[in-house]
Amino acid sequence: MRIRKKTLGNSNIVGAKIEARRKELGMKQIDLLTQLQIKGVELTASGLSKLEGQLRGVCDYELVALADVLDVSINWLVGKEDD
């Protein structure tokens, strides 16, 4: 597993939580990408990496699919619910 070399960006507020939850579930990025694709969300590995690194914004439909795949609420992803 590679360690993030760059500090987190400021293009979204959900990236760090997405990465943490994905790892908590034992999912690799490719696993998450596959599940998102099943839900109709086309995201590249680079796009997911940038999203998790908060270097890219997240669309509303991506947020809905991410919450569903990661089995969390959108409110949790955006920090409106406690961990």
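Rules of the game
Residues numbered from 1 in each chain as written. Predicted model: local features only at pLDDT ≥ 70, side-chain atom pairs only at ≥ 80, totals over all residues. Heavy atoms only, no water. Helix = DSSP H or I, 4+ residues; strand = E, 2+ residues; numbered from the N terminus. Rg over C-alpha atoms; globule rule 2.2 N^0.38 Å. Buried < 20%, exposed > 50% of the residue type's maximum accessible area, 1.4 Å probe, protein only. Contact = heavy atoms within 4.5 Å. Areas by Shrake-Rupley, 256 points an atom, 1.4 Å probe, with all protein chains shown as cover. Core = buried A, V, L, I, M, F, W, Y, C linked by side-chain atoms within 4.5 Å.

Chemist: If you had to explain the overall build of the chain to someone new, which residues and values would you point to?
Modeler: A tally of regular secondary structure across the chain gives five helices and zero strands. Ordered by position from N to C terminus, the α and β elements of the chain give α-α-α-α-α. Since a compact globule built from 83 residues should have a radius of gyration of about 12 Å, the 12 Å found for the chain is in line with a globular shape. Considering only C-alpha atoms, the chain reaches an extent of 30 × 25 × 25 Å along its principal axes. Within the chain, buried positions represent 36% of all 83 residues. If you take every contact in the chain between residues at least 6 apart in sequence, the share linking residues at least 24 apart comes to 60%. For the chain, the exposed area adds up to about 5,400 Å²; of that, 51% sits on carbon and sulfur atoms.

Chemist: Describe in detail the nonpolar core, supporting the description with residues and values.
Modeler: Membership of the largest hydrophobic core comes to 19 residues, with the highest contact counts inside it found for Ile18, Leu32, Leu36 and Leu77. Looking at this core, the elements that each hand over two or more residues are helix H2 (29-38), helix H3 (45-52), helix H4 (60-70) and helix H5 (74-77). A total of six residues in this core trace back to one element, the largest contributor, which is H4. Once you skip the residues sitting within four places of it in the chain, Leu32 turns out to touch Ile18, Arg22, Met27, Leu48, Glu52, Leu66, Val69 and Leu70.

Chemist: Give a description of helix H1 (residues 15-24) that names residues and reports values.
Modeler: Within the sequence span of H1, burial applies to Gly15, Lys17, Ile18, Glu19, Arg21 and Arg22. The inward-facing, buried residues of H1 abut H2, H3, H4 and H5. Two residues or fewer past H1, Gly26 is found with a positive phi of approximately 75 degrees.

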